[in-house]
Amino acid sequence: MPERKIRVLVAKPGLDGHDRGAKVVARALRDAGMEVVYTGLRQTPEMIAEAALQEDVDVVGLSILSGAHMALVPRVLELLKANGQEHVRVFVGGIIPDEDVPRLKEMGVTGVYGPGAPTEQIIADIRAALPSVTV
Amino acid sequence: MEFVQSVLRGDRLALSRLLSCVENDVPEGRLALDALFPYTGKAHLIGVTGAPGTGKSSLVNQLALQIRKKEKRVAIVAVDPSSPFTGGAVLGDRVRMRDLAGDSGVFIRSMASRGSLGGLAAATAAVTQVFDAAGFEVILIETVGAGQSEVDIARLAHTTIVVEAPGLGDDIQAIKAGILEIADILVINKADRPGVETTERSLRTMLELAHPVRKVFRHHGQMMELNDGVVPQEGLWIPPVQRTVATDGRGVPELLESIERHVAHLRANGDWMRRERARLQAEFDLLLQEALVSRFLAKIPPSKVEGMLQLIQERRISPREAVYQLLEN
Ligand SMILES: Nc1nc2c(ncn2[C@@H]2O[C@H](COP(=O)(O)OP(=O)(O)OP(=O)(O)O)[C@@H](O)[C@H]2O)c(=O)[nH]1
Ligand SMILES: [Mg+2]
């Protein structure tokens, strides 16, 4: 019985405190039938890219509250590409000033979400970005 | 098969994609498994099982660090449960394995159980075969940790480590009965916590019941006794009980020594070969059954099977008679 699930890596790069938001999103994605690899706090971009490679994920979700997104996100994108994983869709959640959103999208980020974003929206966007994968 | 060549060359992206093909049981994955099979049979498979939260992932992290000191390449397969309602899963074992990041001699793969109940996923064995062929010398397999008797892991692994922790209360007693029988090595993790002595004492008692530690025998008309720690002549393995602290690595070098002793024991008394043979035969039998059933069903009209089921449900014919009739004409 062949089965294909959307695989998502949820990671929390940077040095800021807690991962409650990331955990809420991870559980919501699980409840939407996805397989979510959760890596925990204080991940470097190198650790995130390595985990994405080993887990062959379709999506990387980054939770960033520290304000360091303009440094962390391009680095993650660069490393994914260097590993041959340019097909991986990157989503960013956290405290992101409005003016940074278009810049992140230009870099190749598929979706950006503020702290209050409904998880249904994130789920719908992930599904829309991966039309070939059924859950 | 470009996949297979890349995997054998050590290409990590190809390896990762192949693991997905095998996990999803797609034709590409099956063909690759056939092609890789001649390269398998070298790795040492170590299962790590035990109740939720006993420290399996933390221990796997420490074991991998310790094994890496010996220059051996380590693959980790960590299985977590899928939700029976949504089919989704949160795979969280990597959280405890961050010490291994950045080491190209380590490859960690998380798997969801996808409805399997025995503590592993249906494709876990196949995934370990890919790692084996790819040249990983040690493969650590962390089970779901349902705490029930997880025979699947004992069948797959050469060495099965059962992890317990102090202070889990009395419900642990029920768990132990089934799970002790599969343990090659018993670990009391969280040995920094109060209650280790109690846990160790009750474990040893249970162990003695499962494996008589003292061998009593008659010699020149006198009762003789082989004492604890002496490996009897017939090469019985008595599971050692070991304390560890997986958060800082205490006890882990000693645990690795026990693992190495266990491998030496398996090889010396022929159990390594016997286990291998039993595992391969089980795999062969299963595939043969599946193939025969689907070939047989392809030859008869579905309506005929449907009709038989109807007769069975009406209690006009027993299931055994129905099978017999189908096979006979
Ligand atoms: N004090 C103490 N805590 C430990 C030890 N080993 C693990 N822990 C903690 O116990 C908790 C669970 O550890 P894990 O390694 O995730 O346990 P697990 O058995 O893999 O858990 P599941 O995969 O969820 O079944 C974590 O908070 C660890 O930090 C130990 O030796 N001593
Ligand atoms: Mg775990």
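Residues numbered from 1 in each chain as written. Chains lettered and ligands numbered in written order. Predicted model: local features only at pLDDT ≥ 70, side-chain atom pairs only at ≥ 80, totals over all residues. Heavy atoms only, no water.

**Digging into the site of ligand 1**
Residue and element names in this part refer to chain B. Surrounding ligand 1, one finds 17 residues, the nearest of these being Lys56, Ser57, Ser58, Asp192 and Ala246. Here an oxygen atom of ligand 1 and a side-chain polar atom of Asp93 are 3.1 Å apart. Element by element, the count of residues in the shell around ligand 1 is highest for helix H4 (residues 56–68), at three residues. (Near = heavy atom within 4 Å. Polar contact = N/O pair within 3.5 Å; in protein donor to acceptor, adjacent residues only side chain to side chain. Helix = DSSP H or I, 4+ residues; strand = E, 2+ residues; numbered from the N terminus.)

**Some details on the coordination of the magnesium ion (ligand 2)**
Put simply, the ideal angle at a metal is 109.5 degrees for four donors in tetrahedral geometry and 90 or 180 degrees for six donors in octahedral geometry. All names here are of chain B. Bound to the magnesium ion (ligand 2) on the protein side are Ser57 (OG), Asp93 (OD) and Glu142 (OE), at distances that span 2.1 to 2.2 Å. Written as a sequence motif, the donor arrangement for the magnesium ion (ligand 2) is S-x35-D-x48-E. Highlighted residues: Ser57 in helix H4 and Glu142 in strand S5 (residues 138–142), separated in sequence by 85 residues. Accessibility assignment for this pair places Ser57 and Glu142 in one class, buried. (Donors = N, O, S within 2.8 Å, 3.2 Å for Na, K, Ca; no water. Buried < 20%, exposed > 50% of the residue type's maximum accessible area, 1.4 Å probe, protein only.)

**Some details on the pattern of salt bridges**
For the structure shown, the criterion picks out 25 salt bridges over all chains. Arg30(A) serves as the salt-bridge partner of Asp31(A), at 3.1 Å between the closest nitrogen and oxygen. For Asp31(A), a relative accessible area of 45% gives the class partly exposed. By relative accessible area, Arg30(A) is classed as partly exposed at 25%. Here Glu200(B) and Arg204(B) are joined by a salt bridge, their closest N and O atoms 3.0 Å apart. (Salt bridge = Lys/Arg side-chain N within 4 Å of Asp/Glu carboxyl O.)

**Some points on the pairing of strand S2 (residues 35–38) of chain A**
Burial of S2(A) is two-sided: the residues Glu35(A) and Val37(A) facing one way and the residues Val36(A) and Tyr38(A) facing the other way are all buried. Crossover handedness for the path strand S1 (residues 7–11) of chain A to helix H1 (residues 20–31) of chain A to S2(A): right-handed. (Right-handed = clockwise from strand over helix to strand, strands pointing away.)

**Topic: the nonpolar core**
Soluble globular proteins: nonpolar side chains tend toward being buried together. Residues and elements named next belong to chain B. The biggest cluster of nonpolar side chains holds 47 residues, and the ones touching the most others in it are Leu15, Leu18, Val130, Phe131, Ile139 and Leu186. At six residues, the largest contribution of residues to this core is made by helix H2 (residues 12–23). Discounting residues that sit within four places of it in the chain, Ile139 has contacts with Ala43, His44, Leu45, Ile46, Ala75, Val77, Thr128, Phe131 and Asp132. (Core = buried A, V, L, I, M, F, W, Y, C linked by side-chain atoms within 4.5 Å. Contact = heavy atoms within 4.5 Å.)

**Thoughts on the sheet that holds S5(B)**
All names here are of chain B. Read across the sheet, seven strands follow the order S4-S2-S5-S1-S6-S7-S10 without closing on themselves; strand pairing throughout is parallel. Pairing within the sheet leaves two strands with one partner each, and these edge strands are strand S4 (106–112) and strand S10 (241–243). Sheet twist, expressed as the mean angle between neighbouring strand axes with direction ignored, is 20 degrees. Pairing of strand S1 (residues 44–50) with S5 involves five bridges; the strand directions are parallel. Counterpart to Val48 in the pairing with S5 is Glu142. Across the face of the sheet, H4 comes into contact with S1, strand S2 (74–80), S4, S5, strand S6 (159–164) and strand S7 (185–188) while running at roughly 175 degrees to S5. (Pairing = 2+ DSSP bridges. Axes fitted to C-alpha atoms, helices over the stretch in contact; angles between N-to-C directions.)

**Side note on the interface of chain A and chain B**
Note on interface size: it is often stated as the accessible area lost on association of the parts. In this assembly, 32 residues from chain A lie in contact with 28 residues from chain B. Carbon and sulfur atoms supply 47% of the area that chain A and chain B bury against each other, a total of about 2,500 Å² over both sides. Here chain A and chain B share four salt bridges between them. One salt bridge in this structure joins Arg7(A) and Glu23(B), with 3.8 Å as the shortest N-O distance. (Buried area = accessible area lost by both parts, 1.4 Å probe.)

**Overview of H2(B)**
Residue and element names in this part refer to chain B. Compared with an ideal rise of 1.5 Å per residue, which puts 12 residues at 16 Å, H2 spans 16 Å between its outermost C-alpha atoms and is within 8% of the ideal. Buried residues dominate H2, accounting for 10 of its 12 residues. Every buried residue belonging to H2 is among Arg12, Ala14, Leu15, Ser16, Leu18, Leu19, Ser20, Cys21, Val22 and Glu23, and all of these are buried. At the N-terminal boundary of H2, the capping side chain belongs to Asp11, with an oxygen 2.9 Å from the backbone nitrogen of Leu13. Backbone geometry just after H2 places Asp25 at a positive phi near 55 degrees. (Expected span 1.5 Å × (residues − 1).)

**Here we look at the sheet that holds strand S5 (residues 109–113) of chain A**
The sheet built from six strands is open, its strands ordered S5(A)-S4(A)-S3(A)-S1(A)-S2(A)-S3(B) with parallel pairing. Either end of the sheet is taken by a strand with one partner, and the two such strands are S5 of chain A together with strand S3 (89–91) of chain B. In this sheet, neighbouring strand axes are inclined to one another by 20 degrees on average, regardless of whether the strands run parallel or antiparallel. For strand S4 (residues 89–94) of chain A and S5(A), the ladder comprises four bridges, and the chain directions are parallel. Within the sheet, the bridge partner assigned to Gly93(A) lies in S5(A) and is Tyr113(A). Of the strands in this sheet, S1, S2 and strand S3 (59–64) of chain A together with S3 of chain B touch H1(A), which is tilted by about 155 degrees from S2(A).

**Regarding the environment of Asn24(B)**
All names here are of chain B. Relative to the assigned elements, Asn24 resides in the loop between H2 and helix H3 (27–36). Taking the C-alpha atoms as reference points, Asn24 and Ala122, separated by 98 residues in sequence, lie 9.9 Å from one another. Separated by 2.9 Å, the side chains of Asn24 and Arg114 make a polar contact.

**Let's talk about the packing of aromatic side chains**
Taken as a whole and assessed by the stated rule, the structure comprises four aromatic pairs over all chains. Note on Phe91(A) and Tyr113(A): the rings are 6.3 Å apart at their centroids and 20 degrees apart in plane angle, and the pair reads as stacked. Of this pair, Phe91(A) sits in strand S4 while Tyr113(A) sits in strand S5, and the two are 22 residues apart along the sequence. The buried category is assigned to Phe91(A), whose relative accessible area is 4%. Given the relative accessible area of 9%, Tyr113(A) is considered buried. One aromatic cluster in this structure is built from Phe107(B), Phe131(B) and Phe136(B). (Phe/Tyr/Trp six-rings, centres within 6.5 Å; stacked < 30°, edge-to-face > 60°.)

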